[in-house]
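Residues per chain, in single letters:
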Amino acid sequence: MKYDRVYNFSAGPSMLPLEVLEKVQKDLLNYNGTGESVMEMSHRSAEYQQIIDDAEANLRKLMNIPDNYKVLFLQGGGTLQFSMVPMNLLRNSHKADYIVSGNWSKKAYQEACKFGDIKVAATSEDKNYTYVPKVTKDAFRPDADYVYICYNETVHGNKFTYVPDTGDIPLVADLSSCILSEEVDVSKFGVIWAGAQKNVAPAGVTIVIIRDDLIGFADEKCPVYLNYKSHADKDSMYNTPPCWSIYVAGEVFKYLLSIGGVAKMHEIDVRKAGKLYDAIDASKTFHGTVEKEDRSIMNICFVTGDADKDKEFVAICKENKIINVKGHRSVGGLRASTYNAVPEEAVDALIEQIKKYDAAQ
Ligand SMILES: *Cc1c(COP(=O)(O)O)cnc(C)c1O
């Protein structure tokens with residue numbers, strides 16, 4: 001690849017579009033004639049205000065975000081949202097129902113338990129999260145303050161193929177590892193949030209898209225940073241925002257718009273994941289771990305069934321400039337994250353190694 005770059009299937013932080021990296025490099029020392037780097041820029045300057053305003057406007061365009069939703073750019077990563085969601089949304093019954101479909105929704109559930117009456121409405125833990133539970137409205141307590149899901153489980157490699165019907169109960173969804181890889185109807189959700197370092201930008205910014213009637217319910221003892229209202233009232237400028245990550249995210253949004261938006265990206269993502277799954281399924285050595293209908297198009301999990309062979313395959317990949325195909329330490333095996341910015345040529349290179357390895361067995 002150009003610049004002697006490697007094929008990087010990291011689960012996060014992960015690849016960024018080369019076009020964006022080049023643009024950012026070009027502007028690194030002198031952004032747009034300002035004579036300064038975005039890294040050095042006051043977040044209160046007119047130039048930076050333009051950067052964050054454009055980033056928000058372009059994200060709104062890409063995701064078709066309705067006007068009654070606020071877009072927040074926060075710090076603290078995905079993990080802080082595990083706490084902020086219950087701290088802000090447990091507002092009436094202090095009950096919330098979680099669908100636990102993998103490692104990340106389990107973590108979110110465990111954290112929420114500190115704050116209220118939290119119930120597992122459905123889980124696929126019985127089969128090591130190899131599928132996504134299919135639930136209907138009656139799975140949820142009618143007085144729950146919210147229902148929570150992780151739309152794409154990064155570690156276990158499964159995804160929702162439907163948006164659960166929660167009736168009037170706000171649905172909260174973690175889209176950290178799939179935001180902007182498929183079109184979602186934002187109006188079906190109360191809150192969508194996503195850490196940027198999987199599919200959007202460098203680590204440091206977390207995007208929160210929240211319906212405005214859900215803001216303002218945090219306890220008065222809630223630390224100011226952890227209250228969505230602090231950020232919503234000041235358009236993500238309550239304190240210094242993660243300026244650099246927001247700027248790069250903004251460049252990624254522009255790039256996505258230039259190639260045809262989320263629908264076009266989805267088409268490419270489906271093609272990349274599809275050909276990789278096809279190669280795995282066609283081999284005698286490798287097996288996908290997730291039920292076909294619930295397979296993620298971002299995190300492709302597979303195994304040989306033999307830990308030594310998995311290890312050997314990881315090493316062969318590395319020799320061929322294909323990195324980060326080792327499964328998460330909690331599940332083992334192999335995982336290739338085919339996020340938006342991973343070029344199709346990287347997927348083709350991995351498929352070639354899969355075929356070669358399979359033929360040698
Ligand atoms: C990575 C990830 C998280 C955690 O993000 P951090 O920023 O590391 O706290 C949460 N949810 C999902 C789906 C993730 O992929």
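Structure's up top.
Attention here is on the structure that accompanies the text. (Residues numbered from 1 in each chain as written. Predicted model: local features only at pLDDT ≥ 70, side-chain atom pairs only at ≥ 80, totals over all residues. Heavy atoms only, no water.)

**Describing the overall build of the protein chain**
Cut-off, in case you're wondering: Think of it this way: any DSSP run of H or I at least four residues long counts as a helix, any run of E at least two long counts as a strand, and we number them from the N terminus. In this description the radius of gyration comes from C-alpha coordinates, and the expected globular size is given by 2.2 Å times residues to the power 0.38. Residue exposure (1.4 Å probe, protein chains only): buried if accessible area is under 20% of the type maximum, exposed if over 50%, otherwise partly exposed. Only heavy atoms enter the contact rule, under which two residues are in contact if any of them lie within 4.5 Å. Here the accessible surface of atoms and residues is derived via Shrake-Rupley with a 1.4 Å probe, and residues count as covered only by protein chains that are part of the display.
Secondary structure assignment for the protein chain yields 9 helices and 14 strands. The C-alpha radius of gyration of the protein chain comes to 21 Å, within 12% of the 21 Å expected for a compact globule of 361 residues. Each principal axis of the C-alpha distribution contributes one length, and for the protein chain these read about 65 × 55 × 30 Å. Relative to its full complement of 361 residues, the protein chain shows a buried share of 56%. Counting contacts in the protein chain only where the partners sit at least 6 residues apart, residues at least 24 apart contribute 68% of the total. Split by element, the accessible area of the protein chain, about 15300 Å² in all, is 49% carbon and sulfur.

**Comments concerning the layout of surface pockets**
The condition is simple: Any residue with an atom within 4 Å of a point lines the site, the site being either a cavity, points on a 1 Å grid over the protein atoms alone where a 1.4 Å probe fits but cannot get out, or a pocket, an open set with protein on both sides within 12 Å along at least 5 of 7 lines. Grid points are joined across faces, edges and corners, and a volume is the space filled by probe spheres set on the points. Gly is put with the polar residues, along with every residue not named as nonpolar or charged; the nonpolar set is Ala, Val, Leu, Ile, Met, Phe, Trp, Tyr, Cys and Pro, and the charged set is Asp, Glu, Lys and Arg.
Approximately 400 Å³ is the volume attributed to the largest pocket. In terms of lining, the largest pocket is formed by 24 residues, of which the most central are Pro 17, Leu 18, Glu 19, Ala 341 and Pro 343. Among the elements of the structure, helix H1 (18–26), helix H6 (243–259), helix H7 (261–282) and helix H9 (344–359) are those that each provide at least two residues to the lining of the largest pocket. Tallying contributions element by element places H6 first for the lining of the largest pocket, with 4 residues. In this structure, the second largest pocket occupies an estimated 320 Å³ of space. Around the second largest pocket sit 16 residues that line it, and Ala 11, Gly 12, His 328, Arg 329 and Arg 335 are the ones nearest its centre. Taken together, the residues that form the lining of the second largest pocket break down as 5 nonpolar, 6 polar and 5 charged.

**Notes on the pattern of salt bridges**
Put simply, the rule reads: One side-chain nitrogen of Lys or Arg within 4 Å of one carboxyl oxygen of Asp or Glu is enough to make a salt bridge.
Under the criterion given, the structure shown has 27 salt bridges. When the shortest N-O distance is used, the salt bridge between Lys 70 and Asp 235 registers 3.5 Å. Remark: Asp 235 occurs in the loop between helix H5 (228–233) and H6 and Lys 70 occurs in strand E2 (residues 69–74); sequence separation between them is 165 residues. Of the residues examined, Lys 70 reaches a relative accessible area of 28% and is grouped as partly exposed. On the basis of relative accessible area, Asp 235 is assigned to the partly exposed category, the value being 46%. The partner of Glu 352 in a salt bridge is Lys 356, with the nearest N and O atoms 4.0 Å apart. Of the two residues, Glu 352 and Lys 356 are both situated in helix H9; the distance of 4 residues between them amounts to about one turn of the helix. Classification of Glu 352 by relative accessible area gives partly exposed; the value is 45%. One connected set of salt bridges, linked through shared partners, spans Lys 23, Lys 26, Asp 27, Glu 251 and Lys 254.

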